[in-house]
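# Fold and contact review
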Amino acid sequence: MPTDDPALVGLVLVEPEEARILVSLADQLQALLADALESPVDDDSAVRRVLPDAYRHEPELADEWRRLSRRGLVDRKIGFARTLSTALAPIAHEGAARTVPLTMEAALDWVRGIGDLRLVIADRMGIIVDGDEGTFGEPGLRDVYDWLAWMQDGLVQVLEAREPEAEPAGGGAP
């Protein structure tokens, strides 16, 4: 939902059950990523999807990139998930629907955090590329995956609507 406050990109109405699901997923993502920092090898294919190698065909460069950049990347991704869980925890505990005001920064964190959640769920379901149905997964997991896609798409639409219109190519009249 749009807002007249220039600091906000929108207001998101969140039901308590939605908040509980998102907080649980965001907390699980934070734990998964924190555990990934402790392990020198990514045994979990979901972690490999969320933290892909920067140089897939050059192992030495990939190792160097991981050594220099991994902690920062993991910290940022944990921060995205934390933004979700921090904003939604009060709604999850209060048991009443509420609107959550989103700044541009928070909305971007939500989009990124939800994207990471979708990557993990896609991996758990065996979805390799868009359009796959997946090969396995717990009942209802596909519904959560699709719901997250719907939510992420809505946030992206709000963000795009807030972007200033680009000038036409050529900069105006001759």
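Before going into details, it helps to say that this report is about the structure given with it. Computed from a predicted structure; not experimentally measured. The numbers attached to residues start from 1 for each chain and follow its sequence in the written order. Only residues with pLDDT of at least 70 get local features here, since the model is predicted, and only at 80 or more are side-chain atom pairs given and counted; chain-wide, interface and lining totals rely on the full set of residues. With hydrogens and water set aside, each side-chain value is computed from the structure's full complement of heavy atoms.

## Details of the packing of aromatic side chains
For Phe, Tyr and Trp, where Trp contributes only its six-membered ring, two rings pair if their centres lie within 6.5 Å, and the inter-plane angle classes them as stacked under 30 degrees, edge-to-face over 60, or tilted in between. Within this structure, the stated rule accounts for 0 aromatic pairs. Whether a charge sits over a ring depends on NZ of Lys or CZ of Arg being within 6 Å of the ring centre and within 35 degrees of the ring normal. Of note, Arg 118 hangs over the ring of Tyr 145, and the distance from its end group to the ring centre comes to 4.5 Å.

## Observations regarding the packing of helix 1 (residues 16-38) against helix 5 (residues 141-162)
For any two helices packed against each other, the geometry is given by the interaxial angle and the distance between the axes. Interaxial distance between helix 1 and helix 5 falls to 13 Å at its minimum, and their mutual angle equals 100°. In terms of their interaxial angle, helix 1 and helix 5 are classed as roughly perpendicular. Along its contact with helix 1, which presents Glu 18, Ile 21, Leu 22 and Leu 25, the element helix 5 presents Val 144, Trp 147, Leu 148 and Met 151. Nonpolar residues are Ala, Val, Leu, Ile, Met, Phe, Trp, Tyr, Cys and Pro. Charged residues are Asp, Glu, Lys and Arg, and all others, Gly as well, are polar. Residue composition of the contact of helix 1 with helix 5, grouped by class: 7 nonpolar, no polar and 1 charged. Think of each axis as a best-fit line through the C-alpha atoms, taken over the contacting stretch in the case of a helix, with angles from 0 to 180 degrees between the N-to-C directions. Runs of E in the DSSP output that reach at least two residues are strands. Runs of H or I that reach at least four are helices, and both are numbered from the N terminus. Convention used here: angles under 35 degrees read as roughly parallel, angles over 145 as roughly antiparallel, angles from 65 to 115 as roughly perpendicular, and any remaining angle as oblique. What makes two residues a contact is simply this: any of their non-hydrogen atoms within 4.5 Å.

## Details of the packing of helix 4 (residues 104-125) against helix 5
Relative orientation of the contacting elements helix 4 and helix 5 amounts to 155°, with a least axis distance of 9 Å. Our classification of the angle between helix 4 and helix 5 gives roughly antiparallel. For the crossing formed where helix 4 meets helix 5, the hand is left-handed. Here the residues of the contact of helix 4 with helix 5 sort into 19 nonpolar, 2 polar and 4 charged. Crossings are classed by handedness, with left-handed meaning an anticlockwise turn of the near helix from the far one by less than a right angle and right-handed meaning a clockwise turn.

## Considerations on the nonpolar core
Generally speaking, nonpolar side chains in soluble globular proteins are found buried as a group. For the purposes of this section, nonpolar cores are sets of buried Ala, Val, Leu, Ile, Met, Phe, Trp, Tyr and Cys residues that join through side-chain atoms within 4.5 Å. Working definition: with a 1.4 Å probe on protein chains only, accessible area under 20% of the residue-type maximum means buried, over 50% means exposed, and in between means partly exposed. Core analysis: the biggest nonpolar cluster contains 44 residues, and Leu 51, Leu 88, Leu 102, Ile 121 and Leu 148 have the highest contact counts within it. Elements supplying a minimum of two residues to this core: strand 1 (8-14), helix 1, helix 2 (45-50), helix 3 (59-94), strand 2 (98-103), helix 4 and helix 5. With 10 residues, the top contributor of residues to this core is helix 4. In contact with Leu 88, other than residues within four places in its own chain, are Val 14, Ala 19, Leu 22, Val 23, Val 100 and Trp 110.

## As for the side chain of Arg 118
Among the structural elements, Arg 118 can be located in helix 4. For Arg 118, a relative accessible area of 18% gives the class buried. A distance of 3.3 Å separates polar atoms of two side chains, one belonging to Arg 118 and the other to Gln 152. Excluding anything up to four places from it in sequence, Arg 118 contacts Tyr 145, Leu 148, Ala 149 and Gln 152. Counting of polar contacts relies on pairs of N or O atoms within 3.5 Å, with two restrictions inside protein: one atom must be capable of donating a hydrogen and the other of accepting it, and residues adjacent in sequence are counted only when both atoms are side-chain atoms.

## Some details on the pattern of salt bridges
For salt bridges, the criterion is a side-chain nitrogen of Lys or Arg within 4 Å of an Asp or Glu carboxyl oxygen. Within the structure shown, the criterion is met by 8 salt bridges. Across the pair Lys 77 and Asp 116 runs a salt bridge whose closest N-O atoms are separated by 2.9 Å. One end of the pair, Lys 77, is in helix 3; the other, Asp 116, is in helix 4, with 39 residues separating them in the sequence. Asp 116 matches Lys 77 in its accessibility class, with the two residues each being buried. For Arg 98, the salt bridge is made with Glu 94, and the minimal N-O distance between the two is 3.0 Å. Arg 98 gets classed as partly exposed once you look at its relative accessible area, which sits at 34%. With a relative accessible area of 49%, Glu 94 lands in the partly exposed category. Put simply, Asp 44, Asp 123 and Arg 124 are held in one network by salt bridges that share partners.

## Details of helix 3
Under the convention used throughout, the expected extent of a helix is 1.5 Å for every residue step, that is, one less than its residue count. Compared with an ideal rise of 1.5 Å per residue, which puts 36 residues at 52 Å, helix 3 spans 49 Å between its outermost C-alpha atoms and is within 8% of the ideal. Across the chain, bend at a residue is computed as the angle between axes fitted to the seven residues ending at that point and the seven starting from it. Within helix 3, the axis deviates most sharply at Ser 69, by approximately 55°. Just downstream of helix 3, Gly 95 is the residue with a positive phi angle, here 80°.

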